[in-house]
Amino acid sequence: MWTDVDHLAELCESSRKDRVLSEGLREKGRARTVAEHTFDHRITEVDARWR
């Protein structure tokens, strides 16, 4: 995970040059998306705030 804009720029440049790194980032991003950003997850959050 990046900490500031400069760190993000470094990660982008590194991942552009390093396919293994970019694949790892892609896999971690997908896993987080599936775990935290599905419809089921979002509706649970909305329901909790609705009450």
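Reading guide: rules and limits
Residue indices begin from 1 for each chain and proceed along its sequence in written order. With the structure being a predicted model, the display of local features is reserved for residues of pLDDT at least 70 and the display and counting of side-chain atom pairs for 80 or more, all residues being used for whole-chain, interface and lining totals. Side-chain metrics in this entry use all non-hydrogen atoms of the structure; hydrogen atoms and water are not considered. Two distance rules govern patches: like charges are joined within 9 Å, and nonpolar side chains (Val, Leu, Ile, Met, Phe, Trp, Tyr) within 5 Å, applied only to residues with over 30% relative accessible area and no salt bridge. A 1.4 Å probe and the Shrake-Rupley method give the accessible areas. Residues count as covered only by the protein chains that appear here. Basic side-chain nitrogens of Lys or Arg form a salt bridge, by our definition, when they fall within 4 Å of a carboxyl oxygen of Asp or Glu. Helix and strand definitions follow DSSP, with helices as H or I runs of at least four residues and strands as E runs of at least two, each counted in order from the N terminus. Here's how the labels work: a residue is buried when its accessible area is under 20% of the maximum for its type, exposed when over 50%, partly exposed in between, all with a 1.4 Å probe on protein chains only. Expected helix span is given by 1.5 Å per residue-to-residue step, counting one fewer step than there are residues. Whenever a nitrogen or oxygen atom comes within 3.5 Å of another N or O atom, the pair is scored as a polar contact, on the condition that within protein one atom can donate a hydrogen and the other can accept it, and that pairs from neighbouring residues in sequence are kept only if both atoms are in side chains. For every residue, the predictor states its confidence as a pLDDT score lying anywhere from 0 to 100.

1. Observations concerning a nonpolar patch on the surface
- A cluster of nonpolar side chains, namely Phe39, Ile43 and Val46, defines an oily patch on the protein surface of about 310 Å² accessible area.
- Along the chain, Val46 turns up in helix 3 (residues 39-50).
- Judged by its relative accessible area of 46%, Val46 is partly exposed.

2. Quick notes on helix 1 (residues 5-17)
- The end-to-end C-alpha distance of helix 1 is 19 Å, a good match for the 18 Å that 13 residues give at a rise of 1.5 Å each.
- Where helix 1 begins, the side chain of Asp4 points an oxygen toward the backbone nitrogen of Asp6, at a separation of 3.1 Å.

3. Some details on the confidence of the model for the protein
- Taken as a whole, the protein shows an average pLDDT of 91; of its residues, 100% reach a score of 70 or greater.
- When mean pLDDT is compared element by element in the protein, helix 1 scores highest at 93, while helix 3 scores lowest at 89.

4. With respect to the environment of Val5
- Within the secondary structure, Val5 is located in helix 1.
- Residues Val5 and Val46 lie 41 residues apart in sequence; the distance between their C-alpha atoms is 30 Å.

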